[in-house]
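# Overview (structure and organization)
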Amino acid sequence: MIIVMGLPGAGKSTVLKGLKTDYRILNYGDLMLEIEKEHFGVKDRDDMRKLPIEKQKKAQKMVYEKLAKEHGKVILDTHCSVSTPTGFFPGLPFDYLKLLKVDALVLVTADPKEVAERRATDPTRKRDDDDIFLHDSLNRGYLAAYSAFTGAPAVVIFNRQGKLEEAVAKLQAILI
Ligand code: AMP
Ligand code: MG
């Protein structure tokens with residue numbers, strides 16, 4: 001499994017769309033939304049991170065139990081950490097990370113100003129107006145921790161404005 005993470009608005013899903021690959025791309029948020037619709041009555045994916053942390057944790061456990069059963073070549077589109085009203089919440093707690101066979105940990109990142117722009121111009125999402133630089137800095141710390149824990153390499157990909165192809169090519173290069 002290759003885990004691709006990044007801030008909301010960094011462009012993970014867009015970079016993934018550009019890949020030519022036989023990896024199956026699974027979106028963590030889709031899996032979580034299915035579970036939270038059923039168990040907690042959540043309707044919108046951008047309301048998930050506002051749920052009480054205990055509910056997010058329950059749903060997260062269910063998502064990872066599903067993911068642990070995945071075999072073959074999978075790319076997981078997820079968050080390094082989730083910015084909640086009560087603090088940053090790790091996207092890959094070690095208890096769940098140890099259930100997965102991780103080949104690479106990829107952080108897609110971008111200039112905080114560009115991320116803010118992308119959030120402001122995406123009408124399909126309710127993005128937060130939080131401290132993007134702080135969140136991205138924390139994500140780098142989480143990335144290093146996940147890499148040290150699993151032994152999988154950490155890869156940082158800059159998704160610069162107007163240079164989507166470069167970001168796609170960097171990710172394409174690590175797919176085996
Ligand atoms: P996205 O569509 O990629 O922005 O993800 C939608 C939502 O899924 C995020 O805002 C989080 O609430 C949730 N989410 C994504 N990855 C994780 C994760 N690893 N752990 C917990 N929640 C997550
Ligand atoms: Mg996305």
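You'll find the protein chain entered in an unreviewed UniProt entry as Adenylate kinase, with Candidatus Bilamarchaeum dharawalense given as the organism. UniProt, in its Sequence similarities (unreviewed entry) section for the protein chain, records the words "Belongs to the archaeal adenylate kinase family."

Following both chains from N to C, one finds helix H2 (residues 28-40) and helix H3 (residues 53-67) inclined at 125°, their axes separated by 9 Å at the closest point. One way to sum up the angle between H2 and H3 is to call them oblique. Crossing handedness for the pair H2 and H3: right-handed. For the pair H2 and H3, contact is made by Tyr-28, Leu-31, Met-32, Glu-34, Ile-35, Glu-36, His-39 and Phe-40 and by Lys-55, Gln-56, Lys-58, Ala-59, Gln-60, Met-62, Val-63, Tyr-64, Lys-66 and Leu-67, respectively. For the contact of H2 with H3, the per-class residue count stands at 10 nonpolar, 3 polar and 5 charged.

Let's shift gears to the side chain of Ser-81. With respect to the helices and strands, Ser-81 occurs in strand E4 (residues 81-84). In this structure Ser-81 comes out as buried when scored by relative accessible area, which is 1%. Residues within four places of Ser-81 in sequence aside, it is in contact with Phe-88, Phe-89, Pro-90, Gly-91, His-135, Asn-139 and Tyr-142.

A few words now on the site of ligand 1. Residues in contact with ligand 1 amount to 14 residues; listed here are only the nearest, Arg-45, Gln-60, Thr-78, His-79 and Gly-91. Between ligand 1 and Arg-45 there is a distance of 2.8 Å, counted from an oxygen atom to a side-chain nitrogen or oxygen. Contact with the protein chains removes 98% of the 490 Å² of surface that ligand 1 exposes when unbound. With 3 residues, H2 is the single largest residue contributor to the shell around ligand 1. Of the residues in the shell around ligand 1, the class split is 5 nonpolar, 5 polar and 4 charged.

UniProt's entry tags Gly-6, Leu-7, Pro-8, Gly-9, Ala-10, Gly-11, Lys-12, Ser-13 and Thr-14 with the feature "binding site: ATP" (unreviewed entry), counted in the numbering of this structure. Position of Ala-10 among the secondary structure elements: in the loop between strand E1 (2-6) and helix H1 (12-17). Residues in contact with Ala-10, not counting those within four places in the same chain, are Val-108, Thr-109, Ala-110, Val-115, Arg-118 and Asn-159. Note on placement: Ser-13 falls in helix H1. What makes Ser-13 partly exposed here is its relative accessible area of 35%.

Rules and cut-offs
Residues numbered from 1 in each chain as written. Chains lettered and ligands numbered in written order. Predicted model: local features only at pLDDT ≥ 70, side-chain atom pairs only at ≥ 80, totals over all residues. Heavy atoms only, no water. UniProt positions renumbered as here; feature names shortened; annotations may be inferred. Axes fitted to C-alpha atoms, helices over the stretch in contact; angles between N-to-C directions. Helix = DSSP H or I, 4+ residues; strand = E, 2+ residues; numbered from the N terminus. Parallel < 35°, antiparallel > 145°, perpendicular 65-115°, else oblique. Left-handed = near helix turned anticlockwise from the far one by under 90°. Contact = heavy atoms within 4.5 Å. Nonpolar A, V, L, I, M, F, W, Y, C, P; charged D, E, K, R; others polar. Buried < 20%, exposed > 50% of the residue type's maximum accessible area, 1.4 Å probe, protein only. Near = heavy atom within 4 Å. Polar contact = N/O pair within 3.5 Å; in protein donor to acceptor, adjacent residues only side chain to side chain. Areas by Shrake-Rupley, 256 points an atom, 1.4 Å probe, with all protein chains shown as cover.

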